[in-house]
Amino acid sequence: MAPIGPPVPAEAMGTNGRSRERFGVLGVWIDAVDPSRAQDAIESWIARRQRGYVCVSNVHSVMEARRDESLRAVFNAAGLAVPDGMPLVWVGRLRGRREVRRVYGPDLTLQLCERAARRGYTCFFYGGGPGVPERLAEALSRRFPGLRVVGAEAPPFRPLTTEEDEEAVRRINAAAPDLVFVGLGCPKQERWMAAHRGRLQAAALVGVGAAFDFHTGRVSQAPRWMMRAGLEWLFRLGQEPQRLWRRYLVYNPLFVFHLTLELLGLRRYPAPPDDGPRAG
């Protein structure tokens, strides 16, 4: 395996040499990308032997980060924070980022695996419940012939001991993946990626959460028209009301309230260094 360079800094060139363009949402910085540019950025890390992690951001993650400064720092230090939810796309366009498109975590997983199969990148799946990452690896290997899966592992739900964590890092590094797909759920997966970024040799850690359940058929995805309309939350709430009621019935109205204050200038948050419309 070729030597791995330093982690991708927050101010790094984001996508194929283009200056990184971001916009702020309640203090969380989101990259103004589309699916193709996000994939290109991740692929550039592999080509340059750099290391970065990807936060797939939505209303829930922004609200979690808004109330927790340490989590907000994790999101803002990501090599890439993509807009997974349509509300974040709409905010980006309000802020003049007309090129921004939704980068949906489950679709990003498929797109990266398709590129990996074509270009020989190796993949590791970390997260999900018992047996889930193995089933995911099997499903994606069938879907993308030639996909090189070098490992699949579901950690226990309890916190790992120091020895268990060190052993997990050793196993992942020994497998030498280019891409590690992390499905631990928000905010656990974001904290895990930030804490392990300096210890793992893979070029990209990609936190894709529910993609593990969606692509193994354990959870159904919303119809595409509901996704485009920003109504995916309603579909998921109907599927898992006991688990998701707080996320959607409490966080969604709070997000609208705090965003309105921000857009009206009644509440200010630190902005990314290059926030604002791109010249030209």
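In this text the structure is predicted, and so the values were computed from the model without any measurement.

On to the overall build of the chain, then. Each helix and strand counted, the chain has 12 helices and 8 strands in total. Relative to its length of 280 residues, the chain is compact, with a C-alpha radius of gyration of 18 Å against a globular reference of 19 Å. Dimensions of the chain, computed from the C-alpha atoms along their principal axes, are close to 50 × 45 × 35 Å. Evaluated residue by residue, the chain yields a buried proportion of 54% over its 280 residues. Expressed as a percentage of contacts within the chain between residues at least 6 apart in sequence, the contacts between residues at least 24 apart total 75%. Roughly 12,500 Å² of accessible area belongs to the chain as shown, and the carbon and sulfur atoms make up 55% of that amount. Separation between the mean location of the 40 positive side-chain charges and that of the 29 negative ones in the chain comes to 4 Å.

Another aspect to go through is the packing of aromatic side chains. For the structure on display, the rule yields 4 aromatic pairs. Aromatic side chains F125 and F181 sit 5.3 Å apart centroid to centroid with 15° between the ring planes, which places their arrangement in the stacked category. Remark: F181 occurs in strand β7 (residues 179-183) and F125 occurs in strand β5 (residues 122-127); sequence separation between them is 56 residues. The exposure class of F125 is buried, given its relative accessible area of 0%. Consider the rings of F125 and F212, whose centres lie 6.4 Å apart with planes at 75°: the pair is edge-to-face. Remark: F212 occurs in helix α9 (residues 211-215) and F125 occurs in strand β5; sequence separation between them is 87 residues.

Turning to the pattern of salt bridges, a few remarks are in order. Counted by the stated rule, this structure contains 20 salt bridges. Residue E240 pairs with R236 through a salt bridge whose shortest N-O separation is 3.9 Å. Classification of E240 by relative accessible area gives partly exposed; the value is 21%. Among the charged side chains, a network of salt bridges with common partners joins D40, E43, R115 and R119.

Moving on, we come to the pairing of strand β1 (residues 22-25). Every second residue of β1 is oriented toward a common face, with R22 and G24 on one face and F23 and V25 on the other, all of them buried. Two elements, β1 and strand β2 (residues 28-31), share 4 bridges in a ladder whose sense is antiparallel. Bridge pairing in β2 places V25 opposite V28. Counting the residues in the hairpin turn of β1 and β2 gives 2 residues, including L26, whose phi is positive at 55°.

A separate point is the packing of helix α11 (residues 232-239) against helix α12 (residues 241-263). Taken N-terminus to C-terminus, the directions of α11 and α12 make an angle of 150°; their axes are 7 Å apart at the nearest point. α12 is crossed by α11, and the crossing has left-handed handedness. Contact residues: W233, R236, L237, G238 and Q239 in α11; P241, R243, L244, W245, R247, Y248, L249 and N252 in α12. In terms of residue class, the contact of α11 with α12 is built from 7 nonpolar, 3 polar and 3 charged.

A separate point is the sheet that holds strand β4 (residues 80-83). Spatially, the 6 strands line up as an open sheet ordered β4-β3-β8-β7-β5-β6, and their pairing is parallel. On the outer flanks of this sheet lie β4 and β6 (148-153), each paired with one strand and no other. Across this sheet, the average inter-strand angle for adjacent strands is 20°, counted without regard to direction. Where helix α8 (residues 188-196) meets the sheet, it contacts β3 (52-57), β5, β7 and β8 (204-207), and its direction lies at approximately 165° from that of β3.

This paragraph deals with unusual backbone geometry. Trans peptide bonds make up the majority, and among non-glycine residues the majority have a negative phi. The amide bond that connects C186 to the next residue, P187, takes the cis arrangement and shows omega of 5°. The topology assignment puts P187 in the loop between β7 and α8. Although it is not a glycine, L26 sits at a positive phi angle of roughly 55°. Here L26 lies in the loop between β1 and β2.

Running from N to C, helix α2 (residues 59-67) and helix α3 (residues 69-76) cross one another at 125°; their axes reach a closest spacing of 5 Å. On the basis of their axis angle, the class for α2 and α3 is oblique. When α2 is examined against α3, the residues S61, E64, A65, R66 and R67 are found in contact with a partner set consisting of E69, L71, R72 and F75.

What counts, and at which threshold
Residue numbering note: each chain is counted from 1, following its sequence as written. Where local features are concerned, this predicted model is filtered to residues with pLDDT of at least 70; where side-chain atom pairs are given and counted, the filter is 80 or more; whole-chain, interface and lining totals use all residues. As a rule here, side-chain values cover all heavy atoms of the structure and leave hydrogens and water aside. Numbered from the N terminus, helices here are DSSP runs of H or I no shorter than four residues, and strands are runs of E no shorter than two. Only the C-alpha atoms count toward the radius of gyration. The rule for a globule is 2.2 Å times the residue count to the power 0.38. When accessible area is computed with a 1.4 Å probe and restricted to protein chains, residues below 20% of their type maximum are described as buried, those above 50% as exposed, and intermediate ones as partly exposed. Between two residues, a contact is recorded if the distance between any of their heavy atoms is within 4.5 Å. The Shrake-Rupley method, run with a 1.4 Å probe sphere, supplies the accessible areas, and residue values consider only the shown protein chains as cover. Charge assignment: positive for Lys and Arg, negative for Asp and Glu; neither His nor the chain ends contribute. Charge positions are represented by NZ for Lys, CZ for Arg, CG for Asp and CD for Glu. Stacked, tilted and edge-to-face are the three classes assigned to paired rings of Phe, Tyr and Trp, where Trp is represented by its six-membered ring and a pair needs centres within 6.5 Å; plane angles under 30 degrees give stacked, over 60 edge-to-face, the rest tilted. Salt-bridge detection follows one rule: a side-chain nitrogen of Lys or Arg within 4 Å of a carboxyl oxygen of Asp or Glu. Being paired, for any two strands, means DSSP has found at least two bridges between them. Fitted lines through C-alpha atoms serve as axes, helices being fitted only where they are in contact, and the angles separating the N-to-C directions of these axes extend from 0 to 180 degrees. Should the near helix be turned counterclockwise from the far one by less than a right angle, the crossing is left-handed, whereas a clockwise turn marks it as right-handed. Amino acids are sorted into nonpolar (Ala, Val, Leu, Ile, Met, Phe, Trp, Tyr, Cys and Pro), charged (Asp, Glu, Lys and Arg) and polar (every other residue, Gly among them). Small angles under 35 degrees read as roughly parallel and large ones over 145 as roughly antiparallel, with 65 to 115 read as roughly perpendicular and the rest as oblique.

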